[in-house]
Amino acid sequence: MIEEVLSMKQEIIINKNPLDVINEISVRHKIKRFMLVCDTAFESLGTFDEYGKIKNIAVTFNSFSSNPLYDEVCEGVKLFKSERCDGIIAIGGGSTIDTAKCIKAFSKMSDNELYLTQKFPENDTPFIAVPTTAGTGSESTRYAVVYYKGEKQSVTDNTLIPDYALLDARNLQTLPLYQKKCTMLDALCQGIESWWSVNATEESRKISQKAVAMILENLGGYLSGDQECADNMMIGSNLAGQAINITQTTAAHAMSYKLTSLYKIPHGRAAFVCLPYVWEYMIKNSKDNENLTQVFKNIVSTLDCKTLWDAVNLLKEMNHELFGKENVTVNFQDIPLLARSVNVTRLKNNPVKLSNQNLISLYTNILEEFATGDITVLN
């Protein structure tokens, strides 16, 4: 039987035979035809001999970009409707799962107006997400991203949460090492940011703590190819996704998006470089906030550090150890643009306010690290 592991309205399925799982879900929901949403890397999976058989029972949609475009999603909606699909399977990273989320949502909307402006109707289309990276947590969140006329659009609704998340760490075996590092750091950022978010709850903080602990405990083994550590990393990433589904991310993520679009820095790495600088700023500007200070102490303990500054230094050094002095070409004249482009919604989730001048100061330090590969250790 499929096991329900966690408290959200989603079934988490760990290391089960994919065809058996899909057949069980198909019978449960009386599904006649699935749409399979996958990217071009699908056939390169080490598990393709198993997962490739899904193509025999589904209509395949793979015509979308790594940053999904609205028009591409619309083509997916047309195919979903024309083939009379009544279930969706997404196998891939965050972009693939986001594309499937949008197809599911838009398929219930009117075709006569822009989907992005419409309300979300009731939607009971069964949705199975199979992540092939350990990092985005998209398989357990209500968020998706699509690009419309060159601008990033956030699509958010509870109906976007997949009904089933199939976690199979064998799908991580063919993931390039650099991508493993970047996606893993995204999950770690999510775990830490959700912990201190203004939207955090007692439940979400428990999930955050488990996520951060599991990611750190398995980091080395995962990167060196240990399968048990990969299993745990996949679960840790999923937990981080569950946490941000409750809390949303904060300033580190808010500041990372333009770094990615402007300099092509992978999202996870961009967010992780921002993280310790944001934390350093918050420590200096929240000394009278006892609740936040306690949250910080709990994070420090989970990071196995003695002091706040030790923890900040650990995050800086971790980035340095993972990527070395891999310099990124940046332009310090872009700093005002970067500060203006910060995601305001995500910034509101931060427990300490940041002014435009604060953002400029933080970006100066962040670009300095990207440009030189050097870090400033705090005492």
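From a predicted model like this one, the values you see are computed outputs, not experimental measurements.

Colleague: Can you lay out the overall build of the protein for me, pointing to particular residues and giving the numbers?
Modeller: The helix and strand tally for the protein stands at 14 helices and eight strands. A compact globule built from 379 residues would reach a C-alpha radius of gyration of about 21 Å, and the protein, at 20 Å, matches this within 12%. By its C-alpha atoms, the protein is 60 × 45 × 40 Å across when sized along the principal axes. The buried share of the protein, reckoned over its 379 residues, is 55%. With an accessible surface of roughly 16600 Å², the protein has 46% of that area assigned to carbon and sulfur atoms. Distance between charge centroids for the protein: 5 Å, based on 37 positive and 44 negative side chains.

Colleague: Describe the state of the cysteines, listing the residues and the values that go with them.
Modeller: Going through the model one piece at a time under the given rule, you end up with zero disulfides. Note on cysteine 274: no disulfide assigned, nearest cysteine sulfur contributed by cysteine 189 at a separation of 8.2 Å. Unpaired in this structure, cysteine 305 has its nearest cysteine sulfur neighbour in cysteine 189, at a distance of 15 Å.

Colleague: Explain helix α9 (residues 267-284) to me, using residue names and the numbers behind them.
Modeller: With 18 residues, α9 should reach 26 Å at 1.5 Å per residue; the first-to-last C-alpha distance of 26 Å fits that figure. Where α9 bends most, the angle comes to about 25°, and this point is leucine 275, followed within four residues by the proline proline 276. Most of α9 sits inside the fold, with 16 of its 18 residues counted as buried.

Colleague: Tell me what's going on with helix α6 (residues 202-223), and back it up with residues and numbers.
Modeller: An ideal rise of 1.5 Å per residue puts 32 Å on 22 residues; α6 measures up with 31 Å between its terminal C-alpha atoms. Considering bend angle alone, the principal kink of α6 is centred on glutamate 217 and spans about 40°. Residues of α6 that are buried: Ser204, Ile207, Ser208, Ala211, Val212, Ala213, Ile215, Asn218, Leu219, Gly221, Tyr222 and Leu223. Considering only its buried residues, α6 is in contact with α5 (177-196), α7 (227-247), α10 (290-302) and α11 (308-323).

Colleague: Account for empty space enclosed by the protein, with residues named and values stated.
Modeller: Applying the stated rule across the entire model yields one cavity of 30 Å³ or more. For the largest cavity, the calculated volume is near 60 Å³. Considering the residues around the largest cavity, the lining is formed by Arg269, Val273, Asn319, His320, Gly324, Glu326, Glu369, Phe370 and Gly373. Only α9, α11 and α14 (356-372) provide two or more residues apiece to the lining of the largest cavity. Among the residues forming the lining of the largest cavity, the class breakdown is two nonpolar, four polar and three charged.

Colleague: Which residues make up the nonpolar core, and what values do they have?
Modeller: Ranked by size, the top nonpolar core spans 77 residues in total, and within it Met184, Trp196, Tyr222, Met255, Leu259 and Trp279 carry the most contacts. Top contributing element to this core by residue count: α9, with 12 residues. Residues in contact with methionine 184, not counting those within four places in the same chain, are Ala134, Gly135, Ile215, Leu219, Tyr222, Leu223, Met233 and Leu322. Residues Phe80, Cys102, Ile103 and Phe127 belong to the second largest nonpolar core, which totals 27 residues.

Colleague: Residues and numbers for the sheet that holds strand β5 (residues 127-131), please.
Modeller: Across the sheet, which stays open at both edges, the six strands sit in the order β1-β8-β5-β4-β2-β3 with parallel pairing between neighbours. If you trace the sheet from one side to the other, it starts and ends with β1 (11-14) and β3 (58-61), each paired once. The average undirected angle you get between the axes of adjacent strands in this sheet is 20°. Sitting on the sheet, helix α3 (residues 70-82) is in contact with β2 (34-38), β3 and β4 (87-92), with an inclination near 165° to β3. Helix-sheet contacts for α7 involve β1, β5 and β8 (164-167), and the interaxial angle to β8 is about 155°.

Colleague: Tell me about unusual backbone geometry, residues and numbers included.
Modeller: The phi angle at lysine 30 is positive, at roughly 55°, despite the residue not being glycine. The residue lysine 30 is located in the loop between α1 (18-29) and β2 in this model. Residue lysine 30 is classed as exposed on the basis of its relative accessible area, which comes to 71%. Here the phi dihedral of aspartate 304 falls at roughly 60°; this positive angle occurs in a residue that is not glycine. When you line up the elements, aspartate 304 lands in the loop between α10 and α11.

Colleague: Which residues make up the packing of aromatic side chains, and what are the values?
Modeller: Taken as a whole and assessed by the stated rule, the structure comprises 10 aromatic pairs. Look at tyrosine 178 and phenylalanine 323: their rings are 5.5 Å apart centre to centre, the planes differ by 70°, and that puts the pair in the edge-to-face class. Of the two residues, tyrosine 178 is situated in helix α5 and phenylalanine 323 in helix α11; the sequence distance between them amounts to 145 residues. Looking at tyrosine 178, the relative accessible area reads 34%, which means it is partly exposed. Ring centres of tryptophan 196 and tryptophan 279 lie 5.6 Å apart, and the angle between their planes is 55°; on these two criteria the pair is classed as tilted.

Colleague: An account of the pairing of β2 is requested, with residue identities and associated values reported.
Modeller: Counting buried positions over the five residues of β2 gives five, a clear majority of the element. Of the two faces of β2, the one lined by Phe34, Leu36 and Cys38 and the one lined by Met35 and Val37 are each fully buried. The sheet contact formed by β2 and β4 spans five bridges and is parallel. Residue pairing for β4: leucine 36 is matched across the bridge by isoleucine 89.

Colleague: Can you break down the pattern of salt bridges residue by residue, with the values?
Modeller: On inspection of all chains with the given rule, the structure shows 12 salt bridges. For the salt bridge of glutamate 11 with arginine 28, the shortest nitrogen-to-oxygen distance reads 2.9 Å. Highlighted residues: glutamate 11 in strand β1 and arginine 28 in helix α1, separated in sequence by 17 residues. The exposure class assigned to glutamate 11 is buried, which follows from its relative accessible area of 16%. Linking lysine 78 and glutamate 75 is a salt bridge whose minimum nitrogen-to-oxygen distance equals 3.3 Å. You can see lysine 78 and its partner glutamate 75 sitting in helix α3, three residues apart, about one turn around the helix. Residue lysine 78 is classed as exposed on the basis of its relative accessible area of 54%. Residue class for glutamate 75 comes out partly exposed when judged on its relative accessible area of 42%. Overlapping salt bridges, with partners in common, bring together Glu11, Glu24 and Arg28 in one network.

The rules we used
Residues numbered from 1 in each chain as written. Predicted model: local features only at pLDDT ≥ 70, side-chain atom pairs only at ≥ 80, totals over all residues. Heavy atoms only, no water. Helix = DSSP H or I, 4+ residues; strand = E, 2+ residues; numbered from the N terminus. Rg over C-alpha atoms; globule rule 2.2 N^0.38 Å. Buried < 20%, exposed > 50% of the residue type's maximum accessible area, 1.4 Å probe, protein only. Areas by Shrake-Rupley, 256 points an atom, 1.4 Å probe, with all protein chains shown as cover. Lys, Arg positive; Asp, Glu negative; His and termini not counted. Charge placed at Lys NZ, Arg CZ, Asp CG, Glu CD. Disulfide = S-S within 2.5 Å. Expected span 1.5 Å × (residues − 1). Bend = angle between axes of the 7 residues up to and from the residue. Contact = heavy atoms within 4.5 Å. 1 Å grid on protein atoms, 1.4 Å probe; cavity = no way out; pocket = protein on both sides within 12 Å on 5 of 7 lines; lining within 4 Å. Points joined across faces, edges and corners; volume = space filled by probe spheres on them. Nonpolar A, V, L, I, M, F, W, Y, C, P; charged D, E, K, R; others polar. Core = buried A, V, L, I, M, F, W, Y, C linked by side-chain atoms within 4.5 Å. Pairing = 2+ DSSP bridges. Axes fitted to C-alpha atoms, helices over the stretch in contact; angles between N-to-C directions. Phe/Tyr/Trp six-rings, centres within 6.5 Å; stacked < 30°, edge-to-face > 60°. Salt bridge = Lys/Arg side-chain N within 4 Å of Asp/Glu carboxyl O.

The values reported here are purely geometric and, on their own, carry no functional implication.
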